[in-house]
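Letter by letter, the chains look like this.
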Amino acid sequence: MEKNIKQIVSLALDMAKGAGCSASRAGAEISVQSSFSVRNNVLDRLHSSTGSTLFLQLFIDGRYGYYSTNRTEADELKNFIDKAAEATKLLAPDNDRVLPDKDLLFTGIAKDLGQFDSDFNNITPEEKRDITFSCSQEIFGKDPRIISSNCEYGDSLEYYYMADSEGFSGESRQTSYSVSAECSAKDKGNARPEAWWYESSMKFADLQRVGCGKNAMERALARLAPRKLKSGKYNMVLENTVASRVVSPIISALNGAAIHQNNSFLAGKLGERIFTSDLYFIDRPHEYGYEGSRYFDSEGIATKPMNIIDKGVIKSYYLNTYNARKLGMKPTIEGPSLLSVSLNGKLPSHVPEITLENVLKVSGKGILVTGFNGGNSNSSSGDFSFGIQGFYFENGIILHPIKEMNVTGNIVELWNSLKITGDDPKRGSRWLIPTLMFESVTFNGN
Amino acid sequence: MNKAESMMAMFGVTDNNLKRLISVALSKGGDYADIYFEHSVSNELNLRDSEVNGAGTHVDYGVGIRVIKGEGTGYAYTEITTMAEMERAAGIAAAIATSGTPKLAPAEIISPLFKERYRAEIPWDGVSFSDRIPTLTELDELVFQADSRVVKVLAKISDSNTKILFFNSEGIIAAEERPMASVAVTCIMQHEGKTENGSSSRSFRMGYEMLSKNLVKELAEEVVSRTAIQFEAGRPKGGEMPVVMGAGSSGILLHEAIGHAFEADFNRMGTSIFSDKLGKKICSDEISVVDDGTIFANRGSVSFDDEGVESQKTYMVKDGVLNSYLHDRISAKYYNTDPTGNGRRESFRFMPLPRMRATYMESGRSKESELISSVKNGLFVNNFSNGQVQIGAGDFTFFVKSGFIIENGRLTTPVKDINIIGNGPEALADIVGIADNSVIDDGTWTCGKEQYCAVSCGMPSVLVSKLTVGGVE
């Protein structure tokens, strides 16, 4: 199948050239997925799929179009690419639409990043089913307050191959396994608060199968009898499962397209100290055994270790070739790979020392945020307002769940109130964001 | 050749092929099976830096096969529509059933007549990109002309045509083409060192005829006014307060606060906060809430849903009483009622679920001005970007892009960028005034429940006596 994909990509590049393209890039992915879900200890859903899609970017004398199809029989593909080229020729030229400089492309040997499990096809449906039911049995019948549970096992294999008309080619393959559980508990009145938990890994043998259901059940029960707090300033501890929510606005603001369109609160801030002097956003894309690691981005540009924010200073934007040329700058990389956040510039260790429990103990009184409920942020100003769910705590002890509250502020000001970062990012995430503690944050309630 | 026959020819299947696939799907004892073929072609055209310099076309093709056993679902899809591949997928889906007698394929094929809910007068596949370009350049010009503070305009036309062939174990066959189009514009302005942005969009199930001069003018005026007012806006003091929701896009309150909680899968599973409320009074007599799939050319409309059930106008709340959940075939069977035409899916890659269509509240008797003048200290909100709900806890949120503080019954300072949070049943019960101005918002609303689905929403202006507003101290 992988050989077939490479042939299709090669054929597509030839066809693009034949259709008059001055340059082109083609990529194809194969995705194989399956899942089992069990609701209230009864098999509820099974799902299986295999798919592949061809992506194509055409460059014709400064004109640029992007196309995709899963119809790749030669005749149909040729017709598709001919039409795509004709459509591209109708556009206005933009001389910044070019393939990347060859010097920037990944050309080395892609050492194993530990992202592929060769046993993927050997795992039987019975094993998958057993994992799902085991998870379910950690919940089912264990507490009368639990009114519904849903447990799921899922796995996937993603293979991607990309090549361009200038000779670049690269491939990646990644497997993924997950087990997740969701529970609803009956509260006073009509409320039925729900909670979830999940575990994931790239190797089947590494999948943490025990405890997922129990965790989800305990989290649902912990949400019973919530209270609304008075509006005011509270210390905010963000659980590692949701901490990326406050990282995303920074990453979006560092994106070259937002910078070029004057739609970023970090435009014009390159080289400036914007954040607290001990804040680091670091990217280590070649670390073994992490989901986010990769050797090249969607243009084929080689990834490299970089500090995006170093001692509070913006050291780099995320610039692809197009946006870099528009801004008169050098391309960097289109976006983060294995991003981590810390107050010491180090990657988290495999055995965390600063966990949620440690952070709560030293955070006085405050709100532990374990989930977000809607909200948004303004890309031009960094002003944000998010709905939250979580718990009120004092001196390391969780006192009660909270309800119907917002957290509101400005994202730069928020990050400048960061006091503690854990070293406990949840494994299985592409970004390694640990528990975070921010001091004196505005919450809206009663 | 009728529509179903022409689709069968396009997907390369015969009556007997369809029956054979149903036989395989039900071979392990499933109760019901259906087959959903889809071929979609979508296009987009982008304007950036005052030039139309980006375009794309995307083709997706495949078939999804579903088997239901009790409340359980087996689902598999394939992008290759040879009988061998489709039989393999049918066999995988069949495995949801582990006991029971294999069932036979339907002897007869029934082709119901569904009322047409949309039509592309000028189908998109016959329109060149060059014919669409003037709409974007004119939109760009009008936005720049409207305000000297405009520094950037991003605009986009998206269109798609989806061909669908559906067949199920009851022998029902249905086929149609579903057009969808949208125009979206974002404007960035700078003034005295500050930058603000705003967006507007329209979306309909229409063909090229949608791209009218009026549409372009309307969008340009709207996006400029939405962006310009941001320079004057701030953030209010946060906390609980009365909120007047403006007509139109405030329908997001219905979508998030109660619409999802009325989707029958959540109720069947007992996880919705409205699970025990069917037939009970839940709000003022003056409130009737509808989920309607029959509005001609509306973004949320369907002639038949993705389970072959004719679309309908469904009263979720009638005169304050919870009248109906939104059903797919599974939940309808569970509740021993008819499906409501809400079984929808993103594409053949997904199994159908109960999903909203166009969800709106019918008009009340008050005037919007009366609602505003009745508030001493509160908020009026009229432009939103996104929302979310926790189905079981009932807490819902929506993000306000613009509105005004109400002081002593009058709109005063503009506000922006605040999240509002409430609890669904409580907020519904806290609606104390309903204006006579219900209107559907025709923006590009897309619901993200497990999979994406085009919807729309609407609302008259309403006064909610108490919601929690995100704001500064």
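Residues numbered from 1 in each chain as written. Chains lettered and ligands numbered in written order. Predicted model: local features only at pLDDT ≥ 70, side-chain atom pairs only at ≥ 80, totals over all residues.

Caption draft 1: How the structure looks around the overall build of chain A. Each helix and strand in chain A was counted, giving nine helices and 16 strands. Once the C-alpha set of chain A is aligned to its principal axes, its extents read approximately 70 × 55 × 40 Å. Considering chain A as a whole, with its 446 residues, one finds that 50% of them fall into the buried category. For chain A, the proportion of contacts with a sequence separation of at least 24, taken over those separated by at least 6, is 72%. (Helix = DSSP H or I, 4+ residues; strand = E, 2+ residues; numbered from the N terminus. Buried ≥ 20, exposed ≤ 12 C-beta atoms within 10 Å, placed from the backbone. Contact = placed C-beta atoms within 7 Å.)

Caption draft 2: Just the overall build of chain B, in detail. Looking only at helices and strands, chain B has 10 helices and 23 strands in total. For chain B, the C-alpha radius of gyration of 24 Å lies close to 23 Å, the compact-globule estimate for 473 residues. Over its C-alpha atoms, taken along the principal directions, chain B stretches across nearly 70 × 55 × 35 Å. With 473 residues in all, chain B has 59% of them scored as buried. (Rg over C-alpha atoms; globule rule 2.2 N^0.38 Å.)

Caption draft 3: Here's a closer look at the interface of chain A and chain B. Opposite the 59 residues of chain A that make contact, chain B presents 69 residues. Of all the secondary-structure elements, those providing two or more residues to the side of chain A that touches chain B are strand 2 (42-60), strand 3 (63-69), helix 2 (74-89), strand 4 (146-164), strand 12 (365-377), strand 13 (383-394), strand 14 (397-410) and strand 16 (436-444) of chain A. A per-element tally of the side of chain A that touches chain B places strand 2 of chain A first, with nine residues. Per-class residue counts for the side of chain A that touches chain B are 16 nonpolar, 32 polar and 11 charged. As defined by bridge partners, strand 3 of chain A adjoins strand 2 (residues 51-69) of chain B across five bridges and the pair is classed as parallel. The residue of strand 2 of chain B that forms the bridge with Thr69(A) is Val59(B). (Nonpolar A, V, L, I, M, F, W, Y, C, P; charged D, E, K, R; others polar. Pairing = 2+ DSSP bridges.)

Caption draft 4: Expanded view of the sheet that holds strand 13 (residues 358-361) of chain B. Residues and elements named next belong to chain B. On the basis of which strands lie adjacent, the open sheet formed by six strands has the order 10-9-8-13-22-19 and mixed pairing. Each having just a single partner strand, strand 10 (321-322) and strand 19 (439-441) make up the two edges of the open sheet. Bridge count for strand 8 (residues 289-292) against strand 9 (residues 313-318) is four bridges, and the pairing is antiparallel. Bridging from a neighbouring strand, aspartate 291 pairs with threonine 314 of strand 9. Seen against the sheet, helix 6 (residues 251-262) touches strand 8, strand 9, strand 13, strand 19 and strand 22 (456-459) and runs at an angle of roughly 115° to strand 22. (Axes fitted to C-alpha atoms, helices over the stretch in contact; angles between N-to-C directions.)

Caption draft 5: Region of interest: the nonpolar core. Counting 140 residues, the largest nonpolar core has Met236(A), Val243(B), Val244(B), Leu254(B) and Leu379(B) as the members making the most contacts within it. Residue contacts for Leu379(B): discarding those within four places in its chain leaves Pro236(B), Met241(B), Val243(B), Gly403(B), Ile405(B), Ile406(B), Val415(B) and Val469(B). One finds Val38(A), Tyr75(B), Met86(B) and Ala93(B) within the second-largest nonpolar core, a separate group that totals 68 residues. (Core = buried A, V, L, I, M, F, W, Y, C linked by C-beta atoms within 7 Å.)

Caption draft 6: View of the sheet that holds strand 10 (residues 313-314) of chain A. Residue and element names in this part refer to chain A. Read across the sheet, four strands follow the order 10-9-8-11 without closing on themselves; strand pairing throughout is antiparallel. The strands lining the two open edges of the sheet, one partner per strand, are strand 10 and strand 11 (339-342). Pairing of strand 9 (residues 306-310) with strand 10 involves two bridges; the strand directions are antiparallel. Each residue of the ladder has a partner; that of aspartate 310, found in strand 10, is valine 313.

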